[in-house]
Amino acid sequence: MNLRRGAPVFVRIVKDARTLELFVEGAGGRFVRFRTYPICASSGALGPKLREGDGQAPEGVYLVRPRQLNPASAFHLSFDLGFPNAFDRAQGAASVADPYPVFGELLGECPVHAGSQAHRFGAAPGMAELMAGDQPVYNVYSHEAVETVLKDGATFSSTGYAKSMGLVMGNTILQMDEPEHGRYRKLIQQAFTRKEMERWEADIVLPIVHHYIDAFADRGHADLVNEFTFVYPIHVISVALGLPEVDLPVFYRKAVEITNMAAEPMRGFAASQWLYDYLLPHVQERREHPREDLISILAAAELALPEGGTQRLTDDEIIAFLRLLLPAGAETTYRSTSNLLEGLLTNPDQLAAVAADRSLLPQAVEAAVRWGPPLTGISRTASVDTEVCGVPI
């Protein structure tokens, strides 16, 4: 094992098994298990940390820098993680209930800010800053500045995602620039025609949605996230892929693990490999015996190329897309649906208007996506030195 001083390590502590696993960075930047140690003694019990001083170890993922090591501690090489953990803080837990006033302040000061602005929200640096390493980070806030970045793919590349999402998902459309992006998009779009989406709505989405709502409708109340908005998108994807119903529980679990990869990267990597091994036989079988499902359409998709010949999706490309579909499709749907329901339930007049006139539903959905978008930012990597609204990048 080629270890070097200062190289990052990944430590995983499993409470119920009382073990500490040490992973070191190996070839290709992937972390491999170096050694497992038994935990001789610990404070607290199983369960999350709820408050300072409760004796519990926080759960989550932490970036621990040398300055956090505590040489005065009675325990060997202890370090201060803080509470809540760094990932939760980066996501706004316990600190950012409403980010928009701060967004407004930042925009009022300047359309482009250099460096992490997480401190303005009372949060730790986000995953984008952590993954950038020593590279400078810029935050773009105004419509003009965002439009400048997103419309200039030659200057602002999507390839930076290869070092983050790409490590787990594979080579997906998320990290592609033109012309590769355009060709891949035309192949993928063949599975999402208006006719196919109408079939999804009637045959897949509505029955599944009714299934979950019927389970709590008579009760008169529900935890809408755990009982509805978080579970139905993954169920829809499972059925759309034509997967066996008996596999839904384990598919759901792996989907949650890969979606939560930022909080638990090693479990996310393991889920990614499991999904590859699980989906590959289904892809290969659909090439030989196509059905009316998403995998079959992707396996048969073909694009005529301007220079002659055709292009089809490889097995790896199909699986990479299907893995990406879980966080990109299921997670955004769950967040959007949750935000829509929160908006309607906290504004009874709006809920009453939609209930009285169902033709308002499309407007309500579009308004909810603008009012509470499932994502508040995306990343691009500057491929050359440039300027945005007068700010050197």
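Throughout what follows, the structure given in this document is the object of discussion. It should be emphasised that the depicted structure is a prediction, and the values quoted were computed from it without experimental measurement. For every chain, the first residue of the written sequence is number 1, and numbering continues from 1 along that sequence. At least 70 in pLDDT is required for a residue's local features to be given in this predicted model, at least 80 for side-chain atom pairs to be given and counted, and no such filter applies to totals for whole chains, interfaces and linings, which use all residues. Excluded from the side-chain calculations are hydrogens and water; all other atoms, namely the structure's heavy atoms, are used.

**Digging into the overall build of the chain**
Only runs of H or I of at least four residues qualify as helices and only runs of E of at least two qualify as strands under DSSP, and these elements are numbered from the N terminus. Within the chain, the regular secondary structure consists of 15 helices and 11 strands. The buried share of the chain, reckoned over its 393 residues, is 34%. Reported accessibility uses the Shrake-Rupley method at a 1.4 Å probe radius. Residues are deemed covered only where the shown protein chains occlude them. Surface summary for the chain: the accessible area is close to 23,400 Å², and the carbon and sulfur share equals 56%. Only protein chains enter the accessibility calculation, which uses a 1.4 Å probe. A residue is then buried if its area is under 20% of the maximum for its type, exposed if over 50%, and partly exposed in between.

**Things to note about helix 11 (residues 265-288)**
One less than the number of residues in a helix, times 1.5 Å, gives the span that helix is expected to have. Between its first and last C-alpha atoms helix 11 spans 35 Å; for 24 residues at 1.5 Å apiece the expected length is 34 Å, and the two agree. The reported bend at a residue is simply the angle between two axes, fitted to the 7 residues ending at it and to the 7 residues beginning with it. The largest bend in helix 11 comes to about 30°, at L279, with the proline P281 one to four residues further on. By the burial criterion, the buried members of helix 11 are M266, G268, F269, A271, S272, L275, Y278, L279, H282, V283 and R286.

**Quick look at the packing of helix 9 (residues 232-240) against helix 13 (residues 315-345)**
Orientation of helix 9 relative to helix 13, taken along the N-to-C sense of each, is 140°, at an axis distance of 8 Å. One finds that helix 9 runs oblique with respect to helix 13. Crossing angle aside, the handedness with which helix 9 passes helix 13 is right-handed. Of the residues in helix 13, those touching helix 9 at Y232, P233, I234 and I237 are L325, L326, A330, T333, Y334 and T337. For the contact of helix 9 with helix 13, a count of residues per class yields eight nonpolar, two polar and no charged. Here an axis means a line fitted to C-alpha atoms, over the contact stretch when the element is a helix, while the angle between two N-to-C directions is reported on a 0 to 180 degree scale. Here is the rule for angles: anything less than 35 degrees is roughly parallel, anything more than 145 is roughly antiparallel, 65 through 115 is roughly perpendicular, and the remaining ranges are oblique. In a left-handed crossing the near helix is turned counterclockwise from the far helix by less than a right angle, and in a right-handed crossing that turn is clockwise. When checking whether two residues touch, look at their non-hydrogen atoms; a contact exists if any pair is within 4.5 Å. Under the scheme applied, nonpolar residues are Ala, Val, Leu, Ile, Met, Phe, Trp, Tyr, Cys and Pro; charged residues are Asp, Glu, Lys and Arg; polar residues are all the others, including Gly.

**Regarding empty space enclosed by the protein**
A cavity here means a set of points on a 1 Å grid, drawn over the protein atoms and nothing else, where a 1.4 Å probe fits but cannot get out; a pocket is an open set with protein on both sides within 12 Å along at least five of seven lines, and a residue lines either one if it has an atom within 4 Å of a point. Grid points are joined across faces, edges and corners, and a volume is the space filled by probe spheres set on the points. Overall, the coordinates contain one cavity of 30 Å³ or more when judged by the stated rule. Within this model, the largest cavity holds a volume of roughly 50 Å³. What lines the largest cavity is F230, I234, A255, V256, T259, A330, E331 and Y334. Those elements that place two or more of their residues in the lining of the largest cavity are helix 10 (248-259) and helix 13.

**Let's talk about the packing of helix 11 against helix 13**
Contact geometry of helix 11 with helix 13 gives a least axis separation of 9 Å together with a crossing angle of 125°. Taken as axis vectors, helix 11 and helix 13 run oblique relative to one another. Taken as a pair, helix 11 and helix 13 cross one another with a handedness that is right-handed. Contacts from S272, Q273, L275, Y276, L279, L280, V283, Q284 and R287 in helix 11 reach D315, D316, I318, I319, L322, R323 and L326 in helix 13. Looking at the contact of helix 11 with helix 13 residue by residue, the classes come out as nine nonpolar, three polar and four charged.

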